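What the coordinates show
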Amino acid sequence: MDEFVLYIEIEKNYSVNTATSYEYDLQLFLTFLSEHGCSTCLNEISKTQVRRFIQYLLGSLKQKPRSVNRKISSLKIVHQILFN
């Protein structure tokens, strides 16, 4: 996780606030996976798990669509960096 944050701060030139937000979003997702008995290995995550996470954010956490969209964006960035 620390390496990811460092990478997006230095290599991608993201602000510290953006990097911190992405770190928080990723940690929230990993916690969700862990609490639901799913693997937290990023290359084993399915689209269904991401969809369930989005439902969790909107339903249980009552997050606004704008906040959910940022979390989706965070997950996309993680995916792009790790798998492309």
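Just above sits the structure.
The sections below set out a description of the structure shown in this document. Fair warning: this is a prediction, and the values are worked out from it, not measured in the lab.

Some remarks on the packing of helix H3 (residues 47–59) against helix H4 (residues 65–83)
Following both chains from N to C, one finds H3 and H4 inclined at 155°, their axes separated by 10 Å at the closest point. Here H4 runs roughly antiparallel to H3, going by the angle between their axes. Crossing angle aside, the handedness with which H3 passes H4 is right-handed. Seen from H3, the contacting residues are Val50, Phe53, Ile54, Leu57 and Leu58; seen from H4, they are Val68, Lys71, Ile72 and Leu75. Grouping the amino acids of the contact of H3 with H4 by side-chain chemistry returns eight nonpolar, no polar and one charged.

Considerations on H3
An α-helical turn contains 3.6 residues, so a residue and the one three or four places further along point in the same direction. Here H3 is 13 residues long and its end C-alpha atoms lie 18 Å apart, about the 18 Å a rise of 1.5 Å per residue gives. For H3, the full list of buried residues reads Gln49, Phe53 and Leu57. Around the axis of H3, the buried residues are gathered within 80° of arc, so they sit on the same side. Facing away from the buried side of H3, by more than 90 degrees, are the exposed residues Lys47, Arg51, Arg52 and Gln55. Along its buried surface, H3 packs onto helix H2 (16–35) and H4.

Cut-off values and rules
Numbering of residues starts from 1 in every chain and runs along the sequence as written. Where totals are concerned, whole chains, interfaces and linings use all residues; where local detail is concerned, this predicted model gives features only for residues with pLDDT of at least 70, and gives and counts side-chain atom pairs only at 80 or more. With hydrogens and water excluded, all non-hydrogen atoms of the structure serve as input to the side-chain values. All axes here are fitted lines through C-alpha atoms, helices being fitted over the stretch that makes contact, and every angle between N-to-C directions spans 0 to 180 degrees. The helix count covers DSSP runs of H or I at least four residues long, the strand count covers runs of E at least two residues long, and both are numbered beginning at the N terminus. Any angle between 65 and 115 degrees counts as roughly perpendicular, while under 35 counts as roughly parallel, over 145 as roughly antiparallel, and the rest as oblique. Crossings are assigned a handedness: left-handed for a near helix turned anticlockwise from the far helix by less than a right angle, right-handed for a clockwise turn. For this analysis, residues touch if any pair of their heavy atoms sits within 4.5 Å. In this classification, Asp, Glu, Lys and Arg are treated as charged, Ala, Val, Leu, Ile, Met, Phe, Trp, Tyr, Cys and Pro as nonpolar, and every other residue, Gly included, as polar. An expected span of 1.5 Å times one less than the residue number is assigned to each helix. Think of it in three bands: with a 1.4 Å probe and only protein chains considered, a residue is buried below 20% of the maximum accessible area for its type, exposed above 50%, and partly exposed in between. Directions from the helix axis toward the C-beta atoms define the arc.

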